[in-house]
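The lines below spell out each chain.
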Amino acid sequence: AGAAAVEASGGPRIAIGLGRLDASAAAPATLGRPIARPGDEARDVVKRTLPEPGLSTVGLRRYFRRVGLSDQELVALMGAHTLGRHNTLLNMTKTCLRNLTRECLETAPVRAPFESRTPDAFDNSYYALLLAWDDRSLERGEANFIPTDVALVLDASFRRHVVAFARSEPL
């Protein structure tokens, strides 16, 4: 379904083979195991099977290294934020803000696009807008980044890949 969505939104055609070649079975125990080191800050600790939106660059690397991705592959995967929307805290009731439950987040009144230029097109505008954010030239409302997005331009290794993807859509 993901490959079909990318193609339907103007992205490349992705050939999908049947079956898993990388493992004979899923490893949920491995993915569910927290990753922490003595002296870590809270944002460095990987606690869940999906990356949390507030992970630091250390946390992002730990999470994606666990599934075998390099910095370049991590930055490329984060480019999926060029599509779709996420729940924001805008216009959420005070009760929900005080006690953020799953129900509050799932029924959030505002679903904002990560980037508003082309939120339904698979392109490299996400990367260009990250660089605009970092240069402080982003216009209000052009992007609704989460902390893990912004981390990509604050780390030198991640940033060089953001720059490359912003310059060349075919990458």
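Above this text you will find the structure in question.
Residues numbered from 1 in each chain as written. Predicted model: local features only at pLDDT ≥ 70, side-chain atom pairs only at ≥ 80, totals over all residues. Heavy atoms only, no water.

K.L.:
Describe in detail the pattern of salt bridges, supporting the description with residues and values.
P.N.:
Counted by the stated rule, this structure contains six salt bridges. The shortest N-O distance in the salt bridge between Asp40 and Arg62 comes to 2.5 Å. Taken together, the residues Asp40 in the loop between helix H2 (28-32) and helix H3 (57-66) and Arg62 in helix H3 connect sequence positions 22 residues apart. With its nearest N and O atoms 2.9 Å apart, the salt bridge here joins Arg65 to Asp71. Residue Arg65 is classed as partly exposed on the basis of its relative accessible area, which comes to 42%. (Salt bridge = Lys/Arg side-chain N within 4 Å of Asp/Glu carboxyl O. Helix = DSSP H or I, 4+ residues; strand = E, 2+ residues; numbered from the N terminus. Buried < 20%, exposed > 50% of the residue type's maximum accessible area, 1.4 Å probe, protein only.)

K.L.:
Before we move on, could you go through the side chain of Ser125 and cite the residues and values that matter?
P.N.:
Its location among the elements puts Ser125 in helix H7 (residues 125-134). Of the polar contacts made by the side chain of Ser125, one reaches the side chain of Asp123; its length is 2.7 Å. (Polar contact = N/O pair within 3.5 Å; in protein donor to acceptor, adjacent residues only side chain to side chain.)

K.L.:
Run through the nonpolar core, naming residues and quoting values.
P.N.:
Counting residues in each nonpolar core, the largest one holds 25 residues, and the members touching the most others are Leu74, Val75, Leu152 and Val162. Looking at this core, the elements with two or more residues in it are H3, helix H4 (71-78), H7, helix H8 (147-154) and helix H9 (156-167). Setting aside residues no more than four positions away along its own chain, Val162 makes contact with Val75, Tyr127, Leu130, Leu131, Leu152 and Val153. (Core = buried A, V, L, I, M, F, W, Y, C linked by side-chain atoms within 4.5 Å. Contact = heavy atoms within 4.5 Å.)

K.L.:
If you had to explain the side chain of His161 to someone new, which residues and values would you point to?
P.N.:
Relative to the helices and strands, His161 resides in helix H9. The class of His161 is buried, set by a relative accessible area of 10%. Excluding its chain neighbours within four sequence positions, the residues that come into contact with His161 are Asp71, Gln72 and Val75.

K.L.:
Tell me about the packing of H4 against H9, and name the residues and values.
P.N.:
Between H4 and H9, whose axes approach to 9 Å, the crossing angle comes to 55°. One finds that H4 runs oblique with respect to H9. For H4 against H9, the interelement crossing comes out right-handed. Contact residues: H4 offers Asp71, Gln72, Leu74, Val75 and Ala76, while H9 offers Ser157, Phe158, His161, Val162 and Phe165. Residue composition of the contact of H4 with H9, grouped by class: six nonpolar, three polar and one charged. (Axes fitted to C-alpha atoms, helices over the stretch in contact; angles between N-to-C directions. Parallel < 35°, antiparallel > 145°, perpendicular 65-115°, else oblique. Left-handed = near helix turned anticlockwise from the far one by under 90°. Nonpolar A, V, L, I, M, F, W, Y, C, P; charged D, E, K, R; others polar.)

K.L.:
Pulling in residues and values, what's your account of the packing of aromatic side chains?
P.N.:
What the rule picks out here adds up to four aromatic pairs. Ring centres 5.1 Å apart and planes at 40° place the aromatic pair Tyr127 and Phe165 in the tilted group. Placement of the pair is Tyr127 in helix H7 and Phe165 in helix H9, with a sequence separation of 38 residues. Judged by its relative accessible area of 6%, Tyr127 is buried. A network of ring pairs unites the aromatic residues Tyr126, Tyr127, Phe145 and Phe165 as a single cluster. The residue whose ring lies beneath Arg61 is Phe158, and the NZ or CZ to ring-centre distance is 4.1 Å. Of note, Arg136 hangs over the ring of Trp133, and the distance from its end group to the ring centre comes to 4.7 Å. (Phe/Tyr/Trp six-rings, centres within 6.5 Å; stacked < 30°, edge-to-face > 60°. Lys NZ or Arg CZ within 6 Å of the ring centre and 35° of its normal.)

K.L.:
Lay out H4 in plain terms, naming residues and giving numbers.
P.N.:
Among the residues making up H4, those that are buried are Asp71, Leu74, Val75 and Met78. The buried residues of H4 occupy an angular sector of 95° when projected down its axis, which confines them to one face. Elements in contact with the buried residues of H4: H3, H7, H8 and H9. (Arc of directions from axis to C-beta.)

K.L.:
I'd like a rundown of a nonpolar patch on the surface, residues and numbers included.
P.N.:
A contiguous nonpolar patch, built from Leu89, Leu97, Leu100 and Leu105 and spanning about 340 Å² of accessible area, is present on the exposed surface. Assignment of secondary structure puts Leu97 in helix H5 (residues 94-98). (Patch = residues over 30% accessible without salt bridge, like charges linked within 9 Å, V, L, I, M, F, W, Y side chains within 5 Å. Areas by Shrake-Rupley, 256 points an atom, 1.4 Å probe, with all protein chains shown as cover.)

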